[in-house]
Amino acid sequence: DAKTTQPTSMDCAEGRAANLPCNHSTISGNEYVYWYRQIHSQGPQYIIHGLKNNETNEMASLIITEDRKSSTLILPHATLRDTAVYYCIVRSTGANSKLTFGKGITLSVRP
Amino acid sequence: GAGVSQSPSNKVTEKGKDVELRCDPISGHTALYWYRQRLGQGLEFLIYFQGNSAPDKSGLPSDRFSAERTGESVSTLTIQRTQQEDSAVYLCASSQVVGREAFFGQGTRLTVV
C-alpha cells in the first residue's frame, strides 16, 4: 500500500472547521484513502473513505485532489471531543489488505 | 452484536505465564484483524483472518504469539511465556469483507509484571 505523509500536529478553535491534510503521492489507481481517529485510551474509530470523488458523511468531509496525490479531511465544526490522533491511510481493496497505521496527526481543539 | 467486543478489558499477568485474549467481532463480519499498541506508540499489525483462515500473519512478533478463529466468529490471541515487552493494548477489528472499513474494539490492556 502507498505511504502517506501527515503533519505531526495542528490545533484549531472550537466551533471552527478543522482541515487535516494528507499527502499520498504514490497512490495507485485501486487504492482508497481512509481516515480513522483515535481518541485517548480508546480504539481507533472509522471516519470516512473515498476513491476519487469527494465524500461527506455525518462526521466529516473528504476532499481528494483530482490527481489523487493528496487529500484533506474536514471537520466542519470542531468540538473539544474531536481532540484525537487522526490517521490517513491508503489501502487497496485487494485480498491481502490490512490497514497500516502511520504516526497520524494530533489535532488539539482549544476552547 | 452492536460492536466489536474484547475481553478482558484489562489483564495483569506474571512474566512467563500464558495469556489468552478474546475478540468477538460484529456479527456477519468475515474479516478480523489484531493489532498491538504499546504505550505512546502507533498501531502495529499482527495478523488478519478471512473467515477462519489467516492469509497474513506477518506481524506476529515471535513464535510465542498465535491466533485462531473458529466458526467465522470469535478469535483468540494467545501469548505464551509472556515477557515485559509484551505489555501493550491489544486491539481487534472486524470488517464485513476484507478491504472494507474496519471497526475496532476498545482493546485489552495487557500488563506483564
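Please read all numbers here as calculations on a predicted model, not as lab measurements.

A. Spotlight on the sheet that holds strand β8 (residues 75–79) of chain B. Residues and elements named next belong to chain B. Judged by pairing direction, the sheet is antiparallel, and its 4 strands sit side by side in the order β1-β3-β8-β7 without closing on themselves. One side of each edge strand has no neighbouring strand; the edge strands of this open sheet are β1 (5–7) and β7 (65–69). For this sheet, the mean inter-axis angle between neighbouring strands, taken without regard to orientation, is 15 degrees. Of the strand pairs in this sheet, β1 and strand β3 (residues 19–24) are connected by 3 bridges, and their pairing is antiparallel. Looking across to β3, one finds that Ser7 is bridged to Arg22.

B. Quick peek at the side chain of Glu101 of chain B. Here Glu101 of chain B lies in the loop between β9 (88–95) and β10 (103–104). When residues no more than four places from it in sequence are discounted, the contact partners of Glu101 of chain B are Tyr34, Tyr36, Tyr46, His49 and Arg91 of chain A together with Ser94 and Ser95 of chain B.

C. Spatial organisation of the layout of surface pockets. Each pocket or cavity is described by its volume, and for the largest pocket that value is around 690 Å³. In terms of lining, the largest pocket is formed by 31 residues, of which the most central are Gln38 of chain A together with Gln37, Arg38, Gly40 and Gln41 of chain B. Taken together, the elements giving at least two residues each to the lining of the largest pocket come down to β8 (84–92) of chain A together with β9 and β11 (108–112) of chain B. With 4 residues, β11 of chain B is the largest single contributor of residues to the lining of the largest pocket. Broken down by class, the residue content of the lining of the largest pocket amounts to 10 nonpolar, 18 polar and 3 charged.

D. The state of the cysteines, seen in detail. The full count for this structure, using the stated rule, is 2 disulfides over all chains. At a sulfur-sulfur separation of 2.1 Å, the disulfide partner of Cys22 of chain A is Cys88 of chain A. Taking the sign of the torsion about the S-S bond as the criterion, the disulfide between Cys22 of chain A and Cys88 of chain A, at about -85 degrees, is left-handed. One end of the pair, Cys22 of chain A, is in strand β2 (residues 18–23); the other, Cys88 of chain A, is in strand β8, and 66 residues separate them in sequence. Residue classification places Cys22 of chain A among the buried residues on the basis of a relative accessible area of 1%. Overall, Cys88 of chain A belongs to the buried group, its relative accessible area being 2%. What pairs with Cys23 of chain B in a disulfide is Cys92 of chain B, and their sulfur atoms sit 1.8 Å apart. Where Cys23 of chain B bonds to Cys92 of chain B through sulfur, the torsion about that S-S bond is close to -65 degrees, and the disulfide is left-handed.

E. Up close: the sheet that holds strand β7 (residues 70–75) of chain A. Residue and element names in this part refer to chain A. The strand order across the open sheet built from 4 strands is β2-β7-β6-β5, with neighbouring strands paired in antiparallel fashion. Unpaired on one side and paired on the other, β2 and β5 (55–56) mark the two borders of the sheet. Looking at chain direction, strand β6 (residues 61–64) and β7 are connected through 4 bridges and run antiparallel. In the sheet register, Ser61 faces β7, and the bridge partner there is Ile74.

F. Molecular detail of the interface of chain B and chain A. With 18 residues of chain B at the contact, the number on the chain A side is 20 residues. Together, the buried faces of chain B and chain A total about 1500 Å²; carbon and sulfur atoms form 50% of this surface. The tally of links from chain B across to chain A stands at 0 salt bridges. Summed over the shared surface of chain B and chain A, the result is 4 residue pairs in polar contact (both at pLDDT 80 or more). Taken together, the residues of the side of chain B that touches chain A sort by class into 10 nonpolar, 5 polar and 3 charged.

G. View of the pattern of salt bridges. In the structure shown here, the tally under the stated rule is 6 salt bridges over all chains. Notably, a salt bridge pairs Asp82 of chain A with Arg37 of chain A, separated by 2.8 Å at the nearest N-O pair. Pair noted here: Asp82 of chain A is in the loop between β7 and β8 and Arg37 of chain A is in strand β3 (residues 31–38), with a separation of 45 residues, a long-range link. You'll find Asp82 of chain A and Arg37 of chain A in the same group, each marked buried. Two residues, Asp86 of chain B and Arg64 of chain B, come together in a salt bridge whose shortest N-O distance is 2.8 Å. With Asp86 of chain B in the loop between β8 and β9 and Arg64 of chain B in the loop between β6 (53–56) and β7, this pair connects stretches of sequence that are 22 residues apart. Each member of the pair, Asp86 of chain B together with Arg64 of chain B, is buried. Salt bridges sharing common partners tie together Arg36, Arg38 and Glu44 of chain B.

Thresholds, definitions, all that
Residues numbered from 1 in each chain as written. Chains lettered and ligands numbered in written order. Predicted model: local features only at pLDDT ≥ 70, side-chain atom pairs only at ≥ 80, totals over all residues. Heavy atoms only, no water. Pairing = 2+ DSSP bridges. Helix = DSSP H or I, 4+ residues; strand = E, 2+ residues; numbered from the N terminus. Axes fitted to C-alpha atoms, helices over the stretch in contact; angles between N-to-C directions. Contact = heavy atoms within 4.5 Å. 1 Å grid on protein atoms, 1.4 Å probe; cavity = no way out; pocket = protein on both sides within 12 Å on 5 of 7 lines; lining within 4 Å. Points joined across faces, edges and corners; volume = space filled by probe spheres on them. Nonpolar A, V, L, I, M, F, W, Y, C, P; charged D, E, K, R; others polar. Disulfide = S-S within 2.5 Å. Buried < 20%, exposed > 50% of the residue type's maximum accessible area, 1.4 Å probe, protein only. Buried area = accessible area lost by both parts, 1.4 Å probe. Salt bridge = Lys/Arg side-chain N within 4 Å of Asp/Glu carboxyl O. Polar contact = N/O pair within 3.5 Å; in protein donor to acceptor, adjacent residues only side chain to side chain.

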